[in-house]
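Here is what each chain is made of, one letter per residue.
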Amino acid sequence: MTYDLYEASQTAGEEGSFHLFEKYEGPAALEAHRASEHYKHYRAAIGSHLAEPIAVQVLSAVDAKA
């Protein structure tokens, strides 16, 4: 499992609102991450520390050359 980018950002003007961006080599790498024990542990443990559930969105890269 590999990823190229892991970045945390805070929503401007909204203290405590964060976005995490992870860039994977492809769909198989994303699915391998989701199947990993550390990810399953994280998802099971994080919920009680959040004001609302995690909203996951899978994004596609935009080709800057187009």
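It should be noted that the structure appears before, not after, this text.
Described below are features of the structure shown in this document. (Residues numbered from 1 in each chain as written. Predicted model: local features only at pLDDT ≥ 70, side-chain atom pairs only at ≥ 80, totals over all residues. Heavy atoms only, no water.)

### Examining helix 1 (residues 27-35)
Quick reminder of the rule: Burial classification: accessible surface area is computed with a 1.4 Å probe over protein chains only, and a residue below 20% of its type maximum counts as buried, one above 50% as exposed, and the rest as partly exposed. Starting at the N terminus, helices and strands are each numbered in turn, a helix being any DSSP run of H or I of at least four residues and a strand any DSSP run of E of at least two. By definition, the arc is the one covered by directions from the helix axis to the C-beta atoms.
The set of residues buried in helix 1 consists of Ala29, Leu30 and His33. One side of helix 1 holds all its buried residues, which, seen down the axis, span an arc of 100 degrees. Exposed side chains of helix 1 directed beyond 90 degrees from the buried face belong to Pro27 and Ala28.

### Thoughts on the environment of Lys40
Applicable threshold: Only heavy atoms enter the contact rule, under which two residues are in contact if any of them lie within 4.5 Å.
Locating Lys40 in the fold gives a position in helix 2 (residues 37-46). When neighbours within four sequence positions are excluded, Lys40 is seen to be in contact with Arg34 and Ala35.

### A look at the pattern of salt bridges
Where we set the bar: A pairing counts as a salt bridge when a side-chain nitrogen of Lys or Arg comes within 4 Å of a carboxyl oxygen of Asp or Glu.
Under the criterion given, the structure shown has two salt bridges. Glu31 serves as the salt-bridge partner of Arg34, at 3.4 Å between the closest nitrogen and oxygen. With Arg34 and Glu31 both in helix 1, this residue pair falls three residues apart, about one helical turn. When its relative accessible area of 45% is taken as the criterion, Glu31 is described as partly exposed. One salt bridge in this structure joins Glu37 and Lys40, with 3.9 Å as the shortest N-O distance.

### Section: the packing of aromatic side chains
Put simply, the test is: Aromatic contacts are taken between Phe, Tyr and Trp rings whose centres are within 6.5 Å, Trp giving its six-membered ring; a plane angle under 30 degrees counts as stacked, one over 60 as edge-to-face, and the others as tilted.
One pass over the structure, following the stated rule, counts one aromatic pair. Ring geometry for Tyr39 against Tyr42: centres 6.2 Å apart, planes inclined by 45 degrees, an arrangement best described as tilted. Taken together, the positions of Tyr39 and Tyr42, both in helix 2 and three residues apart, correspond to about one turn of that helix. On the basis of relative accessibility, which here comes to 16%, the residue Tyr39 falls in the buried class.

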